[in-house]
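# A closer look at the structure
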Number of protein chains: 2
Amino acid sequence: MIPTLAITNALSDRNRLRTFMALLTFDELCVCEITELLKIKPPTTSRHMTILSAAGLVQGRKEGRWVYYRACREVNQEDGASIIAWIQSRLATDPEIIADKSRLHHIIQATKTRKTCTPQRSAS
Amino acid sequence: MIPTLAITNALSDRNRLRTFMALLTFDELCVCEITELLKIKPPTTSRHMTILSAAGLVQGRKEGRWVYYRACREVNQEDGASIIAWIQSRLATDPEIIADKSRLHHIIQATKTRKTCTPQRSAS
DNA sequence: TCTATATTTAGCCAATCAACTAACTATAGA
DNA sequence: TCTATAGTTAGTTGATTGGCTAAATATAGA
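Because the structure is a prediction, the values reported are computed rather than measured. (Residues numbered from 1 in each chain as written. Chains lettered and ligands numbered in written order. Predicted model: local features only at pLDDT ≥ 70, side-chain atom pairs only at ≥ 80, totals over all residues. Heavy atoms only, no water.)

## Focus on the overall build of chain A
Across its full length, chain A holds six helices and five strands. Starting at the N terminus and ending at the C terminus, chain A contains elements arranged as α-α-β-α-α-β-β-β-β-α-α. Taking all 124 residues of chain A together, the buried fraction comes to 48%. Sequence separation of 24 or more characterises 65% of the internal contacts of chain A that already satisfy a separation of 6 or more. (Helix = DSSP H or I, 4+ residues; strand = E, 2+ residues; numbered from the N terminus. Buried < 20%, exposed > 50% of the residue type's maximum accessible area, 1.4 Å probe, protein only. Contact = heavy atoms within 4.5 Å.)

## Notes on the protein's contact with DNA strand C
The environment of DNA strand C is made up of 23 residues, and the closest members are Pro-43, Ser-46 and Arg-65 of chain A together with Asn-15 and His-48 of chain B. Take Asn-15 of chain B: an N or O atom from its side chain is 2.7 Å from a phosphate oxygen of DNA strand C. One of the side-chain N or O atoms of Lys-41 of chain B is found 3.1 Å from a phosphate oxygen in DNA strand C. Looking at the surface near DNA strand C, the elements with two or more residues in it are helix H3 (31-38), helix H4 (42-54) and strand S3 (66-71) of chain A together with helix H2 (14-25) and helix H4 (42-54) of chain B. When residues of the surface near DNA strand C are assigned to their parent elements, the largest contribution, five residues, is made by H4 of chain B. Partitioning the surface near DNA strand C into residue classes produces eleven nonpolar, five polar and seven charged. (Near = heavy atom within 4 Å. Polar contact = N/O pair within 3.5 Å; in protein donor to acceptor, adjacent residues only side chain to side chain. Nonpolar A, V, L, I, M, F, W, Y, C, P; charged D, E, K, R; others polar.)

## A short note on the relation of the copies chain B and chain A
Superposing chain B onto chain A takes a rotation of 180° combined with a translation of 0.0 Å along the rotation axis, leaving an RMSD of 0.0 Å. Taken together, the turn and the small shift mark the pair as related by a two-fold rotation axis. Residue Thr-8 of chain B of chain B places its C-alpha closer to the rotation axis than any other residue of that unit, at 2.7 Å. Here 100% of the interface residues in chain B have copies in chain A that are interface residues too; the copies meet face to matching face. (Least-squares fit on C-alpha atoms with pLDDT ≥ 70 in both.)

## Thoughts on the protein's contact with DNA strand D
Around DNA strand D, the surrounding shell holds 23 residues, and the nearest of these are Asn-15, Arg-16 and His-48 of chain A together with Cys-30 and Ser-46 of chain B. Sugar plus phosphate: this is where 73% of the atoms of DNA strand D within 4 Å of the protein reside. For DNA strand D, a phosphate oxygen lies 2.9 Å from a polar atom in the side chain of Ser-46 of chain B. Within the side chain of Arg-47 of chain B, a nitrogen or oxygen atom sits 3.3 Å from a base oxygen of DNA strand D. Listing elements by their share of the surface near DNA strand D, those giving two or more residues are helix H2 (14-25) and H4 of chain A together with helix H3 (31-38), H4 and strand S3 (66-71) of chain B. No other element matches H4 of chain A, which puts five residues into the surface near DNA strand D. When grouped by side-chain class, the residues that make up the surface near DNA strand D number eleven nonpolar, five polar and seven charged.

## Description of unusual backbone geometry
Residue and element names in this part refer to chain A. Despite not being glycine, Lys-39 shows a phi value in the positive range, around 60°. By secondary structure assignment, the location of Lys-39 is in the loop between H3 and H4. Here Lys-39 falls in the exposed class, since its relative accessible area comes to 66%.

## Some details on the confidence of the model for chain A
Interpretation of this model should avoid reading the predicted coordinates in detail wherever pLDDT is low. With 86% of its residues at a pLDDT of 70 or more, chain A has an overall mean of 89. In the predicted structure, residues 120-124 of chain A sits below a pLDDT of 50 and forms twelve contacts with residues beyond four places in sequence or in another chain. (pLDDT = per-residue confidence, 0-100.)

## Quick notes on the packing of H2 of chain A against H4 of chain A
Residue and element names in this part refer to chain A. The interhelical angle for the contact between H2 and H4, taken along N-to-C directions, is 70°, at an axis separation of 10 Å. Between H2 and H4, the angle falls in the class roughly perpendicular. Two packed elements cross with a definite hand, and for H2 against H4 that hand is right-handed. Along its contact with H2, which presents Asn-15, Arg-16, Thr-19 and Leu-23, the element H4 presents His-48, Met-49, Ile-51 and Leu-52. (Axes fitted to C-alpha atoms, helices over the stretch in contact; angles between N-to-C directions. Parallel < 35°, antiparallel > 145°, perpendicular 65-115°, else oblique. Left-handed = near helix turned anticlockwise from the far one by under 90°.)

## Observations regarding empty space enclosed by the protein
With a probe scaled to a water molecule rolled over the atoms, the places where space remains empty come into view. Under the criterion given, the structure shown has two cavities of 30 Å³ or more. There is about 50 Å³ of room inside the largest cavity. Along its surface, the largest cavity is lined by Arg-18, Met-21, Ala-22, Thr-25, Phe-26, Ile-97, Asp-100, Lys-101 and Leu-104 of chain B. Looking at the lining of the largest cavity, the elements with two or more residues in it are H2 and helix H6 (95-114) of chain B. In the lining of the largest cavity, the residues fall into five nonpolar, one polar and three charged. When its volume is computed, the second largest cavity comes out at roughly 40 Å³. Lining the second largest cavity are Arg-18, Met-21, Ala-22, Thr-25, Phe-26, Ile-97, Asp-100, Lys-101 and Leu-104 of chain A. Secondary-structure elements contributing two or more residues to the lining of the second largest cavity are H2 and helix H6 (95-114) of chain A. Within the lining of the second largest cavity, the residues separate by chemical class into five nonpolar, one polar and three charged. (1 Å grid on protein atoms, 1.4 Å probe; cavity = no way out; pocket = protein on both sides within 12 Å on 5 of 7 lines; lining within 4 Å. Points joined across faces, edges and corners; volume = space filled by probe spheres on them.)

See below:
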């Protein structure tokens with residue numbers, strides 16, 4: 001039961017839900033991009049990612065000074081039932097999520113221009 | 001986004017998750033039965049049910065002094081994706097949920113014997 | 001080696017929350 | 001009408017949590 005609670009808990013905060021949705025849309029995001037998206041301070045972002053990671057919802061990798069996170073798409077699928085499918089079906093058309101997606105395009109462009117934290121990336 | 005957060009929030013408490021699972025198994029339960037299952041005081045049960053109800057996960061009906069709750073099975077289904085299916089696929093075999101189910105059979109029998117809060121009821 | 005930068009860890013704070021008790025409201029029965 | 005019972009509301013308490021700042025750690029570059 002604890003693992004299920006860890007997931008529901010992780011997804012019961014507005015910023016963490018926005019982060020997870022962003023990661024379902026974009027292949028991979030850097031902590032600094034998530035920080036800029038959410039408009040919070042880096043330590044807070046770090047803490048949120050720790051919670052999502054501990055719940056098995058995301059996975060991070062370090063590259064130099066930068067840490068990039070991806071959504072884990074398989075582990076949350078049980079017998080065809082998926083919390084990801086449920087979340088996306090509910091939030092894909094949410095105004096705030098759509099705005100986030102738009103802003104992230106610009107954030108990503110900006111990081112490319114500055115030539116910082118520029119891993120291979122793609123968006124669906 | 002608020003309605004989704006209301007659901008994830010509602011399901012991020014252990015006792016509320018147990019309650020929801022119990023209601024997915026048994027057609028309808030009385031507040032006093034849920035209270036006995038969770039081994040908490042009635043005011044706490046009342047508050048939990050208010051949260052689940054506000055999230056649209058359960059629905060209550062009053063009959064005399066007694067309040068009975070049912071799980072809402074349709075409203076949480078979006079384009080075939082269902083949080084109910086996800087929850088059940090993860091928790092159907094959880095030891096604590098199984099123990100709850102067993103205890104509830106006895107609790108229901110006991111309420112029948114005492115001839116209190118005895119609505120029509122069935123279990124899957 | 002020193003400086004700059006990104007992220008994490010530690011600690012603090014205000015807000016929130018699950019538990020409780022006490023009181024209240026609603027209902028049933030004598 | 002009074003008493004008993006079930007559930008809700010109000011208030012309190014200790015624990016938890018999301019935000020922050022400061023400090024620590026890791027990495028890159030000069």
